[in-house]
Amino acid sequence: MDIKVTTLTGTDAGKLKISDEIFGLEPRDDILHRVVRWQLAKKQQGTHKSKGRAEISRTGAKMYKQKGTGRARHHSARAPQFRGGGKAHGPVVRSHAHDLPKKVRALGLKHALSAKAKGSQLIVIDELALADGKTKALVESFAKLGLNNALLIGGAEVDAGFKRAAQNIANIDVLPVQGINVYDILRRGTLVLSKAAVEALEERFK
């Protein structure tokens, strides 16, 4: 499959042949859902916590005598049914992460790339580089390309000037090719790949 290559200024830079095995699949929502769910679960902090009855600082003495009061039998005021008592079965600090096979993760990335290609939301740029690192110049370039909500993937290392200029623009994310992931691809409207990123992805999935 051939795709048009442009420059940051919007001029034509020829064509590039991309692999159908990576960019030409029929996207499967179930695979994408599994990978996004795995990513978000792994990202979740899991630091929520409530105190159980063993952690409450309150007297452990019996509230009143067992018999003869006409009231229900109770012991400690730390019990969950009392105001100020411990929480029963409350949240505890834990990891929300779960396993997902490497093959499914790799397949999810291919399907995410294919979904962008199929939806005409994939742009290939010859080089993501900016000499002066000025945000104003980059905003003008993005306006020519019609980019207002995009994920840009560079090569092994992102040009420092380009990254500095892009970090001030809302709804624009910049990552090196090692950081490409399904969640970030799907959360942005357009996916922009450099030629170096395309080559690295095809090498990765050989």
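Residues numbered from 1 in each chain as written. Predicted model: local features only at pLDDT ≥ 70, side-chain atom pairs only at ≥ 80, totals over all residues. Heavy atoms only, no water.

A. Spotlight on the overall build of the protein chain. Looking only at helices and strands, the protein chain has seven helices and six strands in total. Traced from its N-terminal end to its C-terminal end, the protein chain shows the element sequence β-β-α-α-α-β-α-β-α-β-α-β-α. Compactness check: the protein chain gives a C-alpha radius of gyration of 27 Å against a globular reference of 17 Å for 206 residues, more than 25% above the reference. Each of the 206 residues in the protein chain was classed as buried or not, and the buried ones make up 37%. In the protein chain, 68% of the contacts between residues at least 6 apart in sequence involve partners at least 24 apart. (Helix = DSSP H or I, 4+ residues; strand = E, 2+ residues; numbered from the N terminus. Rg over C-alpha atoms; globule rule 2.2 N^0.38 Å. Buried < 20%, exposed > 50% of the residue type's maximum accessible area, 1.4 Å probe, protein only. Contact = heavy atoms within 4.5 Å.)

B. Quick peek at the packing of aromatic side chains. Taken as a whole and judged by the stated rule, the model has one aromatic pair. Measuring from ring centre to ring centre gives 6.5 Å for Phe142 and Phe162, while their planes differ by 75°; the resulting arrangement is edge-to-face. Taken as a pair, Phe142 in helix H4 (residues 135-145) and Phe162 in helix H5 (residues 160-166) lie far apart in primary sequence, 20 residues in all. For Phe142, a relative accessible area of 2% translates into the label buried. Phe162 gets classed as buried once you look at its relative accessible area, which sits at 0%. (Phe/Tyr/Trp six-rings, centres within 6.5 Å; stacked < 30°, edge-to-face > 60°.)

C. Spatial organisation of the nonpolar core. Ranked by size, the top nonpolar core spans 29 residues in total, and within it Leu113 and Leu193 carry the most contacts. Apart from the residues lying within four places of it in its own chain, the contact partners of Leu193 are Phe23, Leu122, Ile123, Val124, Ile125, Ile153, Ile180, Val198 and Leu201. With 17 residues, the next largest nonpolar core counts Leu138, Leu147, Ile169 and Ile172 among its residues. (Core = buried A, V, L, I, M, F, W, Y, C linked by side-chain atoms within 4.5 Å.)

D. Expanded view of the environment of Leu130. Mapped onto the elements, Leu130 comes out in the loop between strand E3 (122-125) and H4. In this structure Leu130 comes out as buried when scored by relative accessible area, which is 13%. For the pair Leu130 and Leu201, spaced 71 residues apart in sequence, the C-alpha separation works out to 23 Å. Apart from residues lying up to four places away in sequence, Leu130 is in contact with Leu138, Asp159, Gly161, Phe162 and Ala165.

E. Fine view of the environment of Glu157. On the secondary structure map, Glu157 appears in the loop between strand E4 (150-153) and H5. Separated by 20 residues in sequence, Glu157 and Val177 place their C-alpha atoms 8.0 Å apart.

F. Looking closely at helix H7 (residues 195-204). Along H7, the residues classified as buried are Ala197, Val198 and Leu201. Buried residues of H7, seen end-on, are gathered within an arc of 100° and therefore sit on one face of the element. Every exposed residue of H7 that faces more than 90 degrees away from the buried side is listed here: Glu199 and Glu203. (Arc of directions from axis to C-beta.)

G. Looking closely at unusual backbone geometry. Look at His89: it is not a glycine, yet its phi comes out positive at around 55°. Topologically, His89 is positioned in the loop between helix H2 (29-43) and helix H3 (102-118). Relative accessible area serves as the criterion here: at 85%, His89 is assigned to the exposed category. Positive phi is not limited to glycine here, since Asn171 has a value of about 65°.

Read these as layout, nothing more, since geometry by itself doesn't imply function.
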